[in-house]
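# Per-entry structural report
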Amino acid sequence: MGAGIAQTAAQGGWEVALRDVDEATVDAAIAGIGKRLDRLVEKNKLTADERAAIGARLRNGMRGGELAACELVIEAIVEDMTIKTRVMKEVAGQARTDAILATNTSSLSVAAIGEGVGAVERTVGMHFFNPVPLMKLVEIISGERTDPAVADRAAKIATTWGKTVVRVRDTPGFIVNRVARGFYLEAMRLLDEGVAGVDEIDAVMRSMGGFRMGPFELMDLIGIDVNYAVSVSVWDQLGKPARLEPHPIQRHLVENQRFGRKSGRGAYSYDMESPIPALPLDRKSFDLPHSTYEAVRLFADGAGAAGGSITEQFVFARILGAIMNEAGLAIDEEVASPADIDTAMKLGVNYPHGPTEWAERVGRRTCRHLLDALNEGPCAGRYVAARWFRE
Ligand SMILES: NC(=O)c1ccc[n+]([C@@H]2O[C@H](COP(=O)([O-])OP(=O)(O)OC[C@H]3O[C@@H](n4cnc5c(N)ncnc54)[C@H](O)[C@@H]3O)[C@@H](O)[C@H]2O)c1
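Residues numbered from 1 in each chain as written. Predicted model: local features only at pLDDT ≥ 70, side-chain atom pairs only at ≥ 80, totals over all residues.

### Some remarks on the environment of W161
Topologically, W161 is positioned in the loop between helix 6 (148-160) and strand 7 (164-169). In this structure W161 comes out as buried when scored by C-beta crowding, with 20 C-beta atoms within 10 Å. Not counting the four nearest positions on each side in its chain, W161 is found in contact with T8, A9 and G12. (Helix = DSSP H or I, 4+ residues; strand = E, 2+ residues; numbered from the N terminus. Buried ≥ 20, exposed ≤ 12 C-beta atoms within 10 Å, placed from the backbone. Contact = placed C-beta atoms within 7 Å.)

### Thoughts on the site of the ligand
Surveying the vicinity of the ligand reveals 17 residues, the closest of which are M1, I77, E79, S106 and N130. At the level of elements, helix 4 (81-92) and strand 5 (123-128) are the ones that each hand at least two residues to the shell around the ligand. Partitioned by chemical class, the residues of the shell around the ligand number 8 nonpolar, 7 polar and 2 charged. (Near = placed C-beta within 6 Å. Nonpolar A, V, L, I, M, F, W, Y, C, P; charged D, E, K, R; others polar.)

### Structural notes on the sheet that holds strand 5
The 5 strands lie next to each other as 3-4-5-6-7, forming an open sheet whose pairing is mixed. Strand pairing shows two members of the sheet lacking a second neighbour, strand 3 (72-75) and strand 7, which therefore form its edges. If you compare each strand with its neighbour and ignore which way they point, the axes differ by 30 degrees on average. Against the sheet, helix 15 (residues 338-349) engages strand 6 (137-142) and strand 7, with an angle of about 125 degrees to strand 7. (Pairing = 2+ DSSP bridges. Axes fitted to C-alpha atoms, helices over the stretch in contact; angles between N-to-C directions.)

### So, the packing of helix 13 (residues 290-302) against helix 14 (residues 310-332)
The geometry of helix 13 relative to helix 14 is characterised by a closest axis approach of 9 Å and an angle of 75 degrees between their N-to-C directions. Classified by the interaxial angle, the pair formed by helix 13 and helix 14 is roughly perpendicular. In this structure, helix 13 uses Y293, V296, R297, F299 and A300 to contact helix 14, whose residues at the interface are I310, Q313, F314, F316, A317 and G321. A breakdown of the residues in the contact of helix 13 with helix 14 according to their chemical character gives 8 nonpolar, 2 polar and 1 charged. (Parallel < 35°, antiparallel > 145°, perpendicular 65-115°, else oblique.)

### Observations regarding the domain arrangement of the protein chain
You can read the domains of the protein chain as domain 1 (2-175) and domain 2 (178-390). Computed from C-alpha coordinates alone, the two centres of domain 1 and domain 2 are separated by 32 Å. The partner domain 2 presents 18 residues to the 16 residues of domain 1 that form the contact. At the level of elements, strand 6 and strand 7 are the ones that each hand at least two residues to the side of domain 1 that touches domain 2. (Domains from an automatic or database assignment.)

### Description of the pairing of strand 7
Of the pairings in the sheet, the one linking strand 6 to strand 7 comprises 6 bridges and is parallel in character. Its bridge partner lying in strand 7, I140 is registered against R167. One crossover worth recording links strand 6 to the parallel strand 7 by way of helix 6, and it is right-handed. (Right-handed = clockwise from strand over helix to strand, strands pointing away.)

Next up, the structure:
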């Protein structure tokens, strides 16, 4: 992530001093960026002169004196509070006293990092997405005591680097890592309940929902271990609500080193030319109460997924309903505005529509009826609708 952020800043015209554990690691990172820039020249996306100028703006920040003029420090170190605050404090001591201290953390509290560094007002979250040079989104996270002028400046800088920013309150998972949870968790519950198989669920979300990838394919791409760690962290920090409880399937896969594509096996097996589902389905017939059946049909029709079997519509409604409800809850908790939630989900994880604009299209009442109907079943209150659906 650090190299991607450095490349983005340099392409945005900034002088960048990179740091890591030692000089050689930084040299290797700069060489890696150079190769990526070369490829952009080959593809005619950069001229040779532009590439040379960008390269000249990237320097090894381990060689002393490079940090004194820094206006902005962005840390993208391992996700460990102690290491992050120790290194940030050391680097901040060498930068300008009014430098903005930004963290790319995915799961730690921005305010807690600021406190650890001893500079809460100057600390802000700049949460980039991977691969940074290609992904447009940056979540700008304000801790409780972050100076609004600092957050504004961080947002402006990211915008000049060609990014689209959304503003987020310092809460677990911010927008994307929180609102996306339902996509994965609900899919695993449906598999576990015997409603549909891995490939069937993925196909429904692609064809009915217009998602580029289904939940199991995406989990395998992201890494089951990475996805599981985010699930645990968000669930834990939000007070362990039933709706966000990590699923035993994830844990089982992680314990068995089935991390997805990178280990050759996850929800799918990648031994053959095309992926083969590798999680068993114990298919069970299910009987929906009439009111739930109607609520699913209405919701699916409204969400642009008319047609298909009731099983397909049920899969679609459960997963999309869970995503929309998490977005609604985030609005209730003033985590971000509906517009920013939509932007974040479209740019951060390629959703075909923002969850709140989708909910508006379906009608908040219809969404609420779906959630209320789902909540009638044995679900430990997982689908209690956000207040936003009642407004
Ligand atoms: N990978 C992603 O998709 C992603 C997305 C958004 C945010 N993040 C966040 O970005 C941060 C980095 O993630 P990553 O995936 O790039 O991790 P990574 O393990 O690839 O990189 C971490 C870097 O930190 C360096 N580092 C470790 N200890 C250090 C120290 N004491 N001083 C200086 N550098 C040190 C490592 O050498 C390495 O270069 C984490 O906070 C992560 O949560 C990651």
